[in-house]
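# An overview of the molecular structure
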Amino acid sequence: MRLARLPAIAAIALLALFLHGGLLTSLVQILAVPATIAHLVAAISALLAFYGGYLWFVDPQRAEAGSTESRWNRFCLAVVIYAVLLRLLYLGVPELLFEEAYYWNYAKHLDIGYLDHPLMVAWIIRLFVALMGNIEFAVRAGAFLCWLVTAWFSYRLTRDVLGQAAAYRALALIAVLPVYFFIGLFMSPDAPLAACWAAAIYFMHRIVVREEPRAWLWLGVAIGLGIISKYTIVLLGAAMVLFVLVDRPSRKWLTRPEPYLAALIALALFSPVIVWNWQHEWASLSFQSQDRLASKFSFSLPRFAGNVIVLLTPTGILSVIALVVCRRQITAGFAPAAASSAVTLERSQFLLTWLTLFPVAVFAAISVFRASKLNWTGPCWLGLMPFMALLVTPGLESGAPRLLIWCRRAWPPTIVVCLLFYGAAMQWLGPGLPGVSYPHNMHLIGWRDFGRDIEVLAQRLARETGREILVVGMDRNRIASGLAFYRTQAIDAAGGKAGYDPAFQTASEHLFGSVGLMYALWFPVGQQDGKTLLLVGEAVSSLNSERVLSRAKTAGDIGEIGVWKNGRPAGRYHTRLVTGYQAASVAGAATDAGQNHEEAVSK
């Protein structure tokens with residue numbers, strides 16, 4: 001055996017091991033398969049995965065057989081299959097993120113609008129929870145399906161622009177780039193947003209390049225569903241409008257009914273959110289627009305650049321630069337698809353580059369004076385996936401600029417490193433990695449047991465006091481959201497309790513004059529007077545401050561509950577029982593409301 005093959009063998013072995021961990025944990029934790037059978041099935045599957053990887057990429061007779069093109073096709077196919085399997089097997093294994101638990105609470109308090117996001121994420125979660133129950137897999141199933149939709153439209157777009165071979169490369173990028181890997185794993189508004197964004201780009205391309213009138217109707221559907229997923233798709237819509245106004249061949253659509261019908265379709269789909277905002281004094285639209293812009297100054301352009309690198313990897317961001325700087329060289333040696341021509345290829349390149357860079361430029365401009373968020377530009381890069389796929393294609397060596405050559409050579413190791421990182425991260429979040437500990441109070445790691453412990457404590461206190469207990473997470477919304485989900489899961493595991501739902505018995509720190517986002521609407525302060533509260537906070541200071549004691553008739557001793565995962569410590573929280581809760585006085589409430597608004601906008 002040649003020593004040069006050892007790194008490939010080691011990488012394949014690790015990748016197979018990570019699949020083993022996901023399959024084993026899913027079988028035991030989700031499907032309740034007996035441990036012996038689960039170990040046997042997982043071990044056999046891992047061996048088969050390793051053997052298949054060895055034959056495809058290490059065995060000299062098979063790995064080096066065929067043309068360079070066929071070997072790249074095989075590599076991309078393997079990447080897609082592995083990334084999909086890894087996500088699917090670990091979908092229900094790690095505990096929820098704080099944000100996922102918050103969106104699950106959206107679904108429990110189902111509505112046609114919410115303060116900080118539109119309705120789509122809530123309704124998707126509600127559908128799968130109704131089918132599968134209150135488990136992590138159900139919360140995230142929608143994200144996985146949204147990724148499939150995103151991948152499908154990206155594949156179709158690339159096939160239309162550059163042909164079948166490039167479409168497979170684009171599919172591999174959608175499967176492995178950090179931004180799209182995690183969008184398809186953890187549930188958030190970005191998952192349906194990405195699906196709608198990919199669909200909108202695809203139909204816009206059909207309109208501009210293929211001149212298909214019916215594509216306008218589907219574009220209206222995509223934008224409409226996108227805007228009830230996340231408001232940021234309006235930037236894509238603005239980019240499309242500007243393109244039609246500036247592009248001379250596209251102006252003819254302004255005299256036809258299809259664009260206006262598309263706008264009406266989008267408006268009709270968006271109407272539930274408009275109704276909710278009208279009922280709540282335009283709270284959500286104000287929160288996401290003028291309130292954000294009115295928040296405190298923060299120069300975060302360097303952070304914005306760092307976020308983009310994290311989302312795309314260094315190889316990905318250099319590929320974007322190469323697409324802008326060397327766009328003619330990239331497509332010069334490319335034979336267009338049968339249905340394309342050099343003119344349509346250039347037109348496609350201009351359209352997709354514009355639809356990508358316009359929203360990115362807006363976010364970059366905002367980051368000059370406001371704090372940048374990691375996920376801002378996530379869907380924006382979908383427009384460049386077809387041409388980035390050309391950099392994951394053999395044949396660019398001859399006479400190509402060094403940057404293009406470097407990108408092409410860097411993509412295979414970048415992809416492998418990404419897959420190894422994802423596998424190791426999932427293994428760590430699931431069954432664990434030997435010798436690797438967990439950070440203190442990181443998201444909801446270890447909360448399956450912690451939520452059960454809090455529920456046991458709440459029920460014991462209810463019996464002792466003879467009063468219904470309202471559990472209060474002493475932060476903006478994270479502790480409350482996590483406790484609502486994992487207390488519910490504990491109740492479900494115990495067979496349920498008629499007329500009792502922890503999601504409606506878990507509030508946030510807004511009861512004490514802080515920010516609560518949707519919790520302020522779900523648990524109005526004035527309706528909680530006289531209640532007995534179990535406070536749960538990370539720091540002792542959050543339980544014995546003046547704003548807490550001044551609103552309670554009595555306050556008990558402060559207790560402590562540890563958080564553990566896989567036998568290792570993962571955090572610690574403190575608890576305190578208070579009775580006779582009273583809302584703040586009128587003057588105090590006014591002061592709290594002003595502080596609440598300022599803090600909410602800054603966050």
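For the structure, check the block above.
Given the structure is predicted, the values throughout are model-derived calculations rather than measurements.

The rules behind each value
Residues numbered from 1 in each chain as written. Predicted model: local features only at pLDDT ≥ 70, side-chain atom pairs only at ≥ 80, totals over all residues. Heavy atoms only, no water. Helix = DSSP H or I, 4+ residues; strand = E, 2+ residues; numbered from the N terminus. Rg over C-alpha atoms; globule rule 2.2 N^0.38 Å. Buried < 20%, exposed > 50% of the residue type's maximum accessible area, 1.4 Å probe, protein only. Contact = heavy atoms within 4.5 Å. Areas by Shrake-Rupley, 256 points an atom, 1.4 Å probe, with all protein chains shown as cover. Pairing = 2+ DSSP bridges. Axes fitted to C-alpha atoms, helices over the stretch in contact; angles between N-to-C directions. Salt bridge = Lys/Arg side-chain N within 4 Å of Asp/Glu carboxyl O. Core = buried A, V, L, I, M, F, W, Y, C linked by side-chain atoms within 4.5 Å.

Attention shifts here to the overall build of the protein. Within the protein one finds 25 helices and five strands. Against the globule reference of 25 Å for 603 residues, the protein gives a C-alpha radius of gyration of 26 Å, in line with a compact fold. The C-alpha extent of the protein, read off along each of the three principal axes, is 80 × 65 × 40 Å. Looking at the 603 residues of the protein, the share that counts as buried comes to 53%. The long-range share in the protein, meaning contacts at least 24 apart out of those at least 6 apart in sequence, stands at 75%. Accessible area for the protein stands at about 25,700 Å²; split by element, carbon and sulfur atoms hold 65% of it.

Another aspect to go through is the sheet that holds strand β3 (residues 532-537). As summarised here, the arrangement of the five strands in space is β2-β1-β3-β5-β4, forming an open sheet in which the pairing is mixed. In this open sheet, the two strands that pair with only one neighbour each are β2 (506-508) and β4 (554-565). Geometrically, the sheet is characterised by an average inter-axis angle of 25° between neighbouring strands, direction not taken into account. One ladder, built from five bridges, connects β3 with strand β5 (residues 568-579); its direction is antiparallel. Counterpart to Gly 537 in the pairing with β5 is His 574.

Following the sequence through the fold, Trp 72 ends up in helix α4 (residues 68-90). On the basis of relative accessible area, Trp 72 is assigned to the buried category, the value being 10%. Once the C-alpha coordinates of Trp 72 and Ile 233 are considered, the two residues, 161 residues apart in sequence, prove to be 34 Å apart.

The next point concerns the pattern of salt bridges. Counted by the stated rule, this structure contains 18 salt bridges. Between Arg 460 and Glu 464 there is a salt bridge whose closest N-O contact spans 2.9 Å. Placement of both Arg 460 and Glu 464 in helix α21 (residues 447-465) is noted, with a separation of four residues, approximately one turn of the helix. When its relative accessible area of 35% is taken as the criterion, Arg 460 is described as partly exposed. Across the pair Arg 547 and Glu 509 runs a salt bridge whose closest N-O atoms are separated by 2.4 Å. You can see Arg 547 sitting in helix α24 (residues 546-549) and its partner Glu 509 sitting in the loop between β2 and α23 (519-522), a full 38 residues away along the chain. The exposure class of Arg 547 is partly exposed, given its relative accessible area of 31%. One salt-bridge network, held together by shared partners, links Glu 95, Glu 136, Arg 448 and Lys 565.

Counting residues in each nonpolar core, the largest one holds 190 residues, and the members touching the most others are Tyr 180, Met 204 and Trp 447. Beyond its immediate chain neighbours, meaning those up to four positions away, Met 204 contacts Leu 219, Met 240, Phe 243, Val 244, Leu 351 and Leu 355.

So yeah, pure geometry; function would need other evidence.
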